[in-house]
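# Structure at a glance
This is what each chain is made of:
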Amino acid sequence: MSSPLLELVDIPQRGDARGHLSIAEYGKVLPFVVRRAYWIHGTNHGVSRGFHAHRNLRQMFICLRGGVTLAVSDGERSETFPMSAFGKAVVIGPGLWRVMSDFSADCILMVLADREYDEADYIRNFDEFVIAKCHG
Ligand code: T46
């Protein structure tokens, strides 16, 4: 069986009388050292984001509030995962076309990345993505 495109990860949570604390630690939950974090919020109704692939970047998606649907494709197979606050986190590697949609109005989606921002790492044209996949 082929390996899944989306790796689903449980984020351990500690709770006590004061409330909750969630932990993403390298080597236990995080499969890479974080070099950059960003978060997407205030997304307008009906908007979808993404529509690109990365050449090298690995990322972990953590939904901190609300919900959003993450869809990825390797050009042949596709997978979709509805994310919700404090549900499973998702790790994706390079070479996957990604689209985020169905953002709730209150959604805060945090993304942890293993590299600094580099526009040259993006493939923003779908035809170019398909050609890159064909040539390995
Ligand atoms: C991804 C999905 C999940 C920066 O200057 N630095 C950054 O670290 C990032 C992430 C973006 N930007 C700039 C580039 C654009 O001018 O912010 C603007 C919006 O970025 P973009 O249109 O790429 O946003 P999304 O939501 O389509 O994609 C983002 C990430 O860019 C991408 O790596 O995998 O979220």
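See the structure shown above.
Bear in mind that the values here come from a model prediction, so they are computed numbers and not experimental data. (Residues numbered from 1 in each chain as written. Predicted model: local features only at pLDDT ≥ 70, side-chain atom pairs only at ≥ 80, totals over all residues. Heavy atoms only, no water.)

On to the sheet that holds strand β9 (residues 89-92), then. By definition, the strands of a sheet pair up through backbone hydrogen bonds, in either a parallel or an antiparallel sense. Read across the sheet, 5 strands follow the order β1-β9-β6-β11-β4 without closing on themselves; strand pairing throughout is antiparallel. Looking along the sheet, the strands with just one partner apiece sit at the ends: β1 (7-9) and β4 (36-41). Looking at each pair of strands side by side, their axes are set apart by 25° on average, direction ignored. Direction of pairing for β1 relative to β9: antiparallel, over a ladder of 3 bridges. Residue pairing for β9: E7 is matched across the bridge by V91. (Pairing = 2+ DSSP bridges. Helix = DSSP H or I, 4+ residues; strand = E, 2+ residues; numbered from the N terminus. Axes fitted to C-alpha atoms, helices over the stretch in contact; angles between N-to-C directions.)

Before going further, it helps to spend a moment on unusual backbone geometry. The phi dihedral of F51 falls on the positive side, at around 60°, and the residue is not glycine. Within the fold, F51 resides in strand β5 (residues 49-54). Owing to a relative accessible area of 41%, F51 belongs among the partly exposed residues under this scheme. Unusually for a residue other than glycine, F86 sits at a positive phi of about 65°. Inspection of the secondary structure puts F86 in the loop between β8 (78-84) and β9. (Buried < 20%, exposed > 50% of the residue type's maximum accessible area, 1.4 Å probe, protein only.)

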